[in-house]
Amino acid sequence: MFGNLGDMSKMLEGMQENASKLQAELESKTFSVKAGGGMVEVSINGKGEIVDLNIDDSLLEDKDSLQILLIGAMNDAYDMVQKNQQNSALNMLGGMGGMNPFGAK
């Protein structure tokens, strides 16, 4: 029953290495989102941190519109990061030949 612990350990080490590589790859990506016809642009990295923000000068006098566009752009950017993380994780699991280490089918 426990004869393959060495193989299981090697598999887990490989998974850990792949997860670390995946994390580094995700963190190096940048996603940009525009809102309001390009009046607001938000750039976010793969860790979910806002790295750049551009606001059209015409919005500086319309606080309500600016807030709405910023919230929308930031939410869209965050959604892009989440979807990218999910897709990358699924691709990593697919690269393991469909093997599920937790035994579920």
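Scroll up to find the structure.
Scoring rules and cut-offs
Residues numbered from 1 in each chain as written. Predicted model: local features only at pLDDT ≥ 70, side-chain atom pairs only at ≥ 80, totals over all residues. Heavy atoms only, no water. Pairing = 2+ DSSP bridges. Helix = DSSP H or I, 4+ residues; strand = E, 2+ residues; numbered from the N terminus. Axes fitted to C-alpha atoms, helices over the stretch in contact; angles between N-to-C directions. Contact = heavy atoms within 4.5 Å. Patch = residues over 30% accessible without salt bridge, like charges linked within 9 Å, V, L, I, M, F, W, Y side chains within 5 Å. Areas by Shrake-Rupley, 256 points an atom, 1.4 Å probe, with all protein chains shown as cover. Salt bridge = Lys/Arg side-chain N within 4 Å of Asp/Glu carboxyl O.

> In this structure, what is going on with the sheet that holds strand β3 (residues 50-55)? I would like to understand it.
Two modes of strand pairing occur in sheets, parallel and antiparallel, and in both the strands are linked by backbone hydrogen bonds. In spatial order, the strands read β1-β2-β3; together these three strands make up an open sheet with antiparallel pairing. Of all strands in the sheet, those with a lone pairing partner are β1 (30-35) and β3, marking the two edges. Within this sheet the neighbouring strands show an average axis-to-axis angle of 15°, counted without direction. Inspection of the sheet shows strand β2 (residues 40-45) paired to β3 by five bridges, in the antiparallel sense. Along β3, the bridge assignment pairs Val42 with Leu53. Packing against the sheet, helix α2 (residues 63-94) makes contact with β1, β2 and β3, and its axis sits at approximately 30° to β2.

> Where do I start with a nonpolar patch on the surface in this structure?
A surface patch of nonpolar side chains, amounting to about 240 Å² of accessible area, comprises Ile50, Leu53 and Met74. Of note, Met74 is situated in helix α2.

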